[in-house]
Amino acid sequence: MPTLTKLYSMKEASEHNSAGDCWIVVDGKVYDVSAYLEEHPGGDDVLLQATGKDATDEFEDAGHSKSARELMETFCVGELDTSDIPQLEVISEKQKTYIPEKLVQLSKQYWVAPAAAVGISVVVTFLYLRNK
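All figures in this text were calculated on a predicted structure; none of them were measured in a lab. Every chain is numbered independently, its residues counted from 1 as its sequence is written. With the structure being a predicted model, the display of local features is reserved for residues of pLDDT at least 70 and the display and counting of side-chain atom pairs for 80 or more, all residues being used for whole-chain, interface and lining totals. Think of the side-chain values as coming from all heavy atoms in the structure, minus any hydrogens and water.

**Q** Any chance you could explain the overall build of the protein chain here in plain terms?
**A** Numbering of helices and strands runs from the N terminus, with a helix taken as a DSSP run of H or I at least four residues long and a strand as a DSSP run of E at least two residues long. Regarding its fold elements, the protein chain presents seven helices and five strands. Its helices and strands taken in sequence order, the protein chain reads β-α-β-β-β-α-α-α-β-α-α-α from the N to the C terminus. Accessible area is worked out with a 1.4 Å probe on protein chains only. A residue is then buried under 20% of its type maximum, exposed over 50%, and partly exposed in between. Of all 132 residues assigned to the protein chain, the portion counted as buried reaches 20%. By sequence separation, contacts in the protein chain at least 24 residues apart represent 66% of the contacts at least 6 residues apart. We call two residues contacting when some pair of their heavy atoms lies within 4.5 Å.

**Q** Looking at this structure, how should I read the pattern of salt bridges?
**A** Between side chains of opposite charge, pairing is possible as soon as their charged atoms come close. Here, a salt bridge means any Lys or Arg side-chain nitrogen found within 4 Å of an Asp or Glu carboxyl oxygen. As enumerated under the stated definition, the model contains four salt bridges in all. Between Lys 53 and Glu 58 there is a salt bridge whose closest N-O contact spans 2.9 Å. For Glu 58, a relative accessible area of 38% translates into the label partly exposed.

**Q** Explanation requested: the nonpolar core in the structure shown.
**A** Nonpolar side chains in soluble globular proteins generally cluster together in the buried interior. Think of a nonpolar core as a cluster: buried Ala, Val, Leu, Ile, Met, Phe, Trp, Tyr and Cys residues, connected wherever their side-chain atoms sit within 4.5 Å. Of all hydrophobic cores here, the largest spans 13 residues; its most connected members are Ile 24, Val 26, Tyr 31, Val 33 and Leu 47. Of the residues forming this core, the biggest block, three residues, is contributed by strand β3 (residues 21-26). Every residue in contact with Val 33, bar those within four places of it in the chain, is listed here: Cys 22, Ile 24, Leu 47 and Phe 75.

**Q** Got a minute to help me understand unusual backbone geometry in this structure?
**A** Leaving glycine out, the prevailing phi sign among residues is negative, and the prevailing peptide bond configuration is trans. Positive phi is not limited to glycine here, since Asp 27 has a value of about 50 degrees. Mapped onto the elements, Asp 27 comes out in the loop between β3 and β4 (29-32).

**Q** Teacher, can you tell me more about the pairing of β3 here?
**A** A regular strand places its side chains on the two faces of the sheet in alternate fashion. Counting buried residues in β3 gives five out of six residues, a clear majority hidden from the surface. The sheet contact formed by strand β2 (residues 17-18) and β3 spans two bridges and is antiparallel. Note that in β3 the partner of Asn 17 across the bridge is Cys 22. One requirement defines pairing of two strands: DSSP has to find at least two bridges between them. In terms of strand pairing, β3 meets β4 through four bridges, oriented antiparallel. Looking across to β4, one finds that Val 26 is bridged to Lys 29. Count of turn residues in the β3/β4 antiparallel hairpin: two residues, of which Asp 27 carries a positive phi of about 50 degrees.

Here you go:
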């Protein structure tokens, strides 16, 4: 039978962002690390900077040991409620190529202005060097 845990929204978790009340979110779980701030090997500021957002990437990038991961589980107070997180929009293959195609069309259509700028620059340089 699955263990039932309390669900917290990201807003609720982010409200706990002080040294006396510090919660972080890692891998969809919410941790109250207030009691661990002074003992954290990376310093309390690392944990305080991780509040109010999903800190999974920062946690994984730090290369925590197996014992650190086991210790972290003792601070778990619940799970992140993902029902209020907006879903990402899926971009179709046609939409992905729209911008480069548009850029190519514009560059074919408006090639005169850059060519004129280069031509004028060459003429001015030639006249300048000829007068020296």
